[in-house]
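Breakdown of the fold
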Amino acid sequence: MFNSLLIANRGEIALRIVRACRELGVRSVAVYSDADARAPHVREADAAVRLGPAPSSESYLKGDLLIEAAHRTGAEAIHPGYGFLSEREWFARAVRDAGLAWVGPPAEAIAAMGSKTAARQLAIAHDVPVVPGTTEALTDAIEAARIAQQFGYPVLLKAAAGGGGKGMRVVREPGAIAGALDSARREAQNAFGDDAVYIEKYIEGPRHVEIQVLADTHGRCISLGERECSIQRRHQKMIEEAPSIAVSAELRRAMGAAAVRAAKAAGYVNAGTCEFLLDRDGKFYFLEMNTRIQVEHPVTELVTGLDLVAWQIRIAAGERLPFTSSIDPRGWAIECRITSEDTANGFLPSTGRIDYLHAPGGPGVRWDSGVESGSEVGLHYDPMLAKLIVWAPNREQAIARMKRALEELVIDGVETSREFHLRVLADPEFRRGAFTIQWLEERLPTLLGTAASPAAIEAAAIAAAMIAHRDRGGVRGAPPTAGGVAERAWDRMARIDGHRA
Amino acid sequence: MKYIVDVEGTRVEVDLEGEHARVGTAAYLVHLSTIEGTPVQVVTIGDAVHRVVARRSGARGSYVLRVDGARYAVEALDERSRAIRDLSAAAEGARGPQPVVAPMPGLVVKVHVAVGDVVTAGQPVVAMEAMKMENELRAPSAGTVHAIRATPGSAVEKGAVLVELR
């Protein structure tokens, strides 16, 4: 095992890696930008190195500074976390060339999976199903009909230069294909000045289901089962679960075997994730492989009992995986990403100081956070503040537990996604597990538009009247309500001016 | 004292006398206490316990309240203040629609409207980037675009006027 490891990241994942290091008896070295000098991940580490100013390009993305910091502090390995430089082949290579261990897959595996088209070719060559599609523009309707017959209906016509749904047509039967091709071409020509149109299999009601794999340096590679990540907005996952309500034990084995084939084909080592689309009929299609630890790794940890981050470090140190076969999930885990977004207001980013934070606790609740009371939330980094994760014996109980934990959570000072999560959890379709990757965006107006009950409005009205009454001096000795940060600064100024006068 | 409370557009009359609250025909014993060192206040209404976090928003009596799981924009005023504020709001309405302002510092990506365009309330007007995410800023009310103060590619501060409506 290493004596010392440098964590090339910030926020909740940096703290997560610090915790794994401490449990393994490895000295942890944190890095920070000027914006993060007092952040929890810095304070909890055994050593810390300043990288530079707040912008990532001058701090967390500076590969040379990171390697230099590792050398200076005697770190033998670098853990990149997720985001930043975690999937940069050049950085993995530079770390290795500097004589340091890289807690992640070899640079060659990152390269093999880095390009979507290369990963797709690799998958096809190793019998991992991909969404069938053409790579050359269609010449005419006869060709389109022939290929559609081969893929099976429905099919999707898609403009080569496409975007925003323009030049896209779903075709459900052979009779409609000629007309659809004509109109898709016309639309593509008008929108992009290019009428090239491709054809691919249309996936009905797709879910985003991904398989976690773990591979050691001794040739062993296992699947740790799936995560259900369909609850997304603009391709950003908001809620993840393990297992998936749509995956049977048999399907889990088939998807796990496919993921392991893809990983082995790429010469994969360490923790990685194969993303799949899963259709209504239980057919799955490989999308891409993420060559790093994922944000949502805790749900897999809770249903497998494994510490994935600790295993990443142990694998990088050359340890063998002690499992011979894939691991089946036990119970149910759900994760909600707590972001600094005003979800009631178009998900606008919310910035400011977290004046107060009360994290939930009790049975089955895990709180992985990069912030605390007093933290400043700025615009330099990702808006994810923390992850709330729960475990329970089954999905229904896990939803109830998550609801309870979200109700306990208090964050004052910035707007967060807490209320949004509560609304999703209360939705009957979500509770039935009846959703696809489009569900959240389609459902948002309903979710956010749901009016409060008359009883809740009455309670809010009484609370408001009591607080207003107290604040106007109606109650003796009670401290008045604080305003926003800026407002309080003005109050302070006014007081100082008052003293001067 | 009687308070007229606006909860997200719904008006509720709360008659508050000491620890007695009356809403319509319902009467409750109520209590408000603060939890030392936190912004959390405990409001009991009869036997029901609610955890409330209040934050002042602008004028006296205006708050953003978080009650248990939900957030409400509220305004609690006595009858006289309520009447005065309603009058001034009516006068403000007559002055015309509010401009589109930047809710946070960021980068203007795109302006979707031109001077003279008629916009409806809630229509996306400007795309702004902050925290690496693109966000649509919407018209707060219906109107005609009078002036555009935002240039795509330029950085703006919080509160900057981007589009003026008339």
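**As for the overall build of chain B**
What chain B contains, in helices and strands, is one helix and 16 strands. What you see for chain B is a C-alpha radius of gyration of 20 Å, clearly larger than the 15 Å of a compact globule of 166 residues, by over 25%. Dimensions along the principal axes, computed over C-alpha positions, put chain B at roughly 55 × 35 × 20 Å. Counting only residues that meet the buried cut, chain B has 39% of its 166 residues in that class. Across chain B, the fraction of contacts at a sequence separation of at least 24, relative to all contacts at a separation of at least 6, is 40%. With an accessible surface of roughly 8,600 Å², chain B has 54% of that area assigned to carbon and sulfur atoms.

**Details of the overall build of chain A**
Helix and strand content of chain A: 17 helices and 22 strands. For a compact globule of 501 residues, the expected C-alpha radius of gyration is about 23 Å, and chain A comes in at 26 Å, within 12% of that figure. Projecting the C-alpha coordinates of chain A onto the three principal axes gives extents of approximately 85 × 60 × 50 Å. Across chain A, the fraction of contacts at a sequence separation of at least 24, relative to all contacts at a separation of at least 6, is 65%. When the accessible surface of chain A is split by element, carbon and sulfur atoms take 50% of a total near 20,700 Å². With 59 positive and 64 negative side-chain charges, chain A shows a spacing of 3 Å between the two charge centroids.

**Some thoughts on the domain arrangement of chain A**
Residues and elements named next belong to chain A. Domain assignment breaks chain A into domain 1 (4-103), domain 2 (132-201) and domain 3 (207-448). Each of domain 1 and domain 3 was reduced to a C-alpha centroid, and the two centroids are 23 Å apart. Taken residue by residue, the interface counts 34 residues in domain 1 and 29 residues in domain 3. Taken together, the two surfaces of domain 1 and domain 3 that pack against each other cover about 2,100 Å², and 59% of this comes from carbon and sulfur. Counting every contact that joins domain 1 to domain 3 gives five salt bridges. The closest approach of N and O atoms between Arg-16 and Asp-307, which form a salt bridge, is 2.8 Å. If you look at where domain 1 meets domain 3, you find 10 residue pairs in polar contact (both at pLDDT 80 or more).

**Looking at the interface of chain B and chain A**
The figure often quoted for interface size is the accessible area lost as the parts come together. Of the residues lining the interface, 53 residues belong to chain B; the matching set on chain A comes to 56 residues. Here chain B is connected to chain A by six salt bridges. Across the pair Arg-472 of chain A and Asp-78 of chain B runs a salt bridge, and its minimum N-O distance is 2.8 Å. Here chain B and chain A share 14 residue pairs in polar contact (both at pLDDT 80 or more) between them. Across the side of chain B that touches chain A, the residue classes tally to 33 nonpolar, 10 polar and 10 charged.

**A short note on helix 15 (residues 439-449) of chain A**
Residues spaced three or four apart along an α-helix point in a common direction, a consequence of the helix completing one turn every 3.6 residues. Residues and elements named next belong to chain A. Where helix 15 is concerned, the buried positions are Trp-439, Leu-440, Arg-443, Leu-444 and Leu-447. An end-on view of helix 15 places all buried positions within 145° of arc, on one side of the element. Opposite the buried face of helix 15, by more than 90 degrees, sit the exposed residues Glu-442, Pro-445 and Gly-449. Tucked into the core, helix 15 has its buried residues touching strand 10 (221-233), strand 11 (236-242), helix 13 (418-426) and helix 14 (428-432).

**Regarding the nonpolar core**
All names here are of chain A. If you look at the biggest cluster of nonpolar residues, it comprises 37 residues, and the most contacted ones within it are Phe-430 and Leu-440. For this core, the elements supplying multiple residues, two or more each, are strand 11, strand 14 (332-339), strand 19 (365-369), strand 21 (384-392), helix 12 (395-408), helix 13 and helix 15. Setting aside anything within four residues of it in sequence, one finds Phe-430 in contact with Ile-231, Ile-239, Glu-241, Arg-395, Ile-399, Val-424, Leu-425, Phe-435 and Trp-439. Listed in part, the 33 residues of the second largest apolar core include Ile-7, Ile-313, Leu-321 and Ile-327.

**Some details on the pattern of salt bridges**
All names here are of chain A. With the rule as written, the count across this model stands at 49 salt bridges over all chains. As a salt-bridge pair, Glu-204 and Arg-280 come within 3.7 Å of each other at their nearest N and O atoms. With Glu-204 in the loop between strand 8 (197-201) and strand 9 (207-215) and Arg-280 in the loop between strand 12 (270-278) and strand 13 (284-290), this residue pair connects regions lying 76 residues apart in the sequence. It is possible to trace a salt-bridge network through shared partners that takes in Glu-210, Arg-227, Lys-237, Glu-240, Glu-275, Glu-296 and Arg-337.

**Brief notes about the pairing of strand 4 (residues 26-34) of chain B**
If a strand is regular, its side chains alternate between the two faces of the sheet. Residues and elements named next belong to chain B. Relative to strand 4, strand 3 (residues 20-23) runs antiparallel, the two sharing four bridges. Residue pairing in the sheet places His-20 in a bridge with Leu-29 of strand 4. In this structure, the hairpin formed by strand 3 and strand 4 is closed by a connection of two residues, where Gly-24 is found at a positive phi of approximately 60°. Of the pairings in the sheet, the one linking strand 4 to strand 5 (residues 40-45) comprises five bridges and is antiparallel in character. By the bridge assignment for strand 5, Val-30 is matched with Ile-45.

**Regarding the domain arrangement of chain B**
You can read the domains of chain B as domain 1 (2-79) and domain 2 (96-165). Measuring from the centre of the C-alpha atoms in domain 1 of chain B to the corresponding centre in domain 2 of chain B gives 34 Å.

**Remarks on the packing of aromatic side chains**
One pair of aromatic rings is described through two measures. These are the centre distance and the angle between the planes. Residue and element names in this part refer to chain A. Scanning the model with the defined rule gives 10 aromatic pairs over all chains in all. Between Trp-311 and Phe-323, the ring centres sit 5.9 Å apart and the planes meet at 65°, which makes this aromatic pair edge-to-face. Here the residue Trp-311 occupies a position in helix 11 (residues 308-316), and Phe-323 occupies one in the loop between helix 11 and strand 14, the gap between them amounting to 12 residues. Note on Trp-311: relative accessible area 7%, which makes it buried. Here Phe-347 and Phe-420 contribute two aromatic rings whose centre-to-centre distance is 5.4 Å and whose plane-to-plane angle is 75°, an arrangement assigned as edge-to-face.

**Topic: the side chain of Asp-279 of chain A**
Residue and element names in this part refer to chain A. Within the secondary structure layout, Asp-279 lies in the loop between strand 12 and strand 13. Among buried charged residues, Asp-279 stands out as having no salt bridge; its nearest opposite-charge side chain is Lys-283, 4.6 Å away. Within polar-contact distance, the side chain of Asp-279 engages the backbone nitrogen of Asp-281 at 2.9 Å. Beyond its immediate chain neighbours, meaning those up to four positions away, Asp-279 contacts Ile-203, Glu-204, Gly-205 and Tyr-285.

**What to know about the sheet that holds strand 10 (residues 106-111) of chain B**
In sheet architecture, strand pairing relies on hydrogen bonds along the backbone and comes in two forms, parallel and antiparallel. Pairing within the open sheet is antiparallel, and its four strands lie in the order 13-12-10-15 (chain B). Lying at the two open borders of the sheet, with one neighbouring strand each, are strand 13 (133-138) and strand 15 (155-156) of chain B.

**Let's talk about the side chain of Glu-240 of chain A**
Residues and elements named next belong to chain A. Following the sequence through the fold, Glu-240 ends up in strand 11. For Glu-240, a relative accessible area of 0% gives the class buried. A distance of 2.7 Å separates the side chain of Glu-240 from the side chain of Arg-337, its partner in a polar contact. In this structure, Glu-240 is in contact with Glu-228, Cys-229, Glu-296, Val-299, Ala-333, Ile-334, Glu-335 and Arg-337, ignoring residues within four places of it in sequence.

How each quantity is defined
- For every chain, the first residue of its written sequence is number 1, and the numbers climb from 1 along that sequence.
- Think of it this way: whatever chain is written first is A, whatever ligand is written first is 1, and the rest follow in order.
- With the structure being a predicted model, the display of local features is reserved for residues of pLDDT at least 70 and the display and counting of side-chain atom pairs for 80 or more, all residues being used for whole-chain, interface and lining totals.
- Side-chain numbers here rest on the full set of heavy atoms in the structure, without hydrogens or water.
- A run of H or I in DSSP becomes a helix once it reaches four residues, and a run of E becomes a strand once it reaches two; helices and strands are each numbered from the N terminus.
- We compute the radius of gyration from the C-alpha atoms alone; for a globule the expected value is 2.2 Å times N to the 0.38, where N is the number of residues.
- A simple rule labels every residue: compare its accessible area, found with a 1.4 Å probe on the protein chains alone, to the largest value its type can have, and call it buried under 20%, exposed over 50%, or partly exposed in between.
- Whether two residues are in contact is decided by their heavy atoms, any of which lying within 4.5 Å being enough.
- To be clear on the numbers: accessible area is Shrake-Rupley with a 1.4 Å probe, and residue cover counts the displayed protein chains and nothing else.
- We count Lys and Arg on the positive side and Asp and Glu on the negative side, and we leave His and both chain ends out.
- Just so you know, the charge point we use is NZ for Lys, CZ for Arg, CG for Asp and CD for Glu.
- Here the bounds of each domain stem from an automatic or database domain assignment.
- By buried area we mean the combined loss of accessible area, with a 1.4 Å probe, across both parts when two parts are placed together.
- Salt bridge criterion: a side-chain nitrogen from Lys or Arg within 4 Å of a carboxyl oxygen from Asp or Glu.
- Any pair of nitrogen or oxygen atoms within 3.5 Å is treated as a polar contact; in protein, a donor-acceptor pairing is required on top of that, and neighbouring residues in sequence qualify only through side-chain atoms on both sides.
- In this count, Pro and Cys sit with the nonpolar residues alongside Ala, Val, Leu, Ile, Met, Phe, Trp and Tyr, while Asp, Glu, Lys and Arg are called charged and the others, Gly among them, polar.
- Think of it as the arc spanned by the lines of direction from the helix axis to the C-beta atoms.
- The criterion is simple. A nonpolar core is a set of buried Ala, Val, Leu, Ile, Met, Phe, Trp, Tyr and Cys residues joined through side-chain atoms within 4.5 Å.
- Note on pairing: DSSP must find at least two bridges between two strands before they are called paired.
- Centres within 6.5 Å make a pair out of two Phe, Tyr or Trp rings, where for Trp the six-membered ring is used; the pair is then stacked when the planes are under 30 degrees apart, edge-to-face when over 60, and tilted otherwise.

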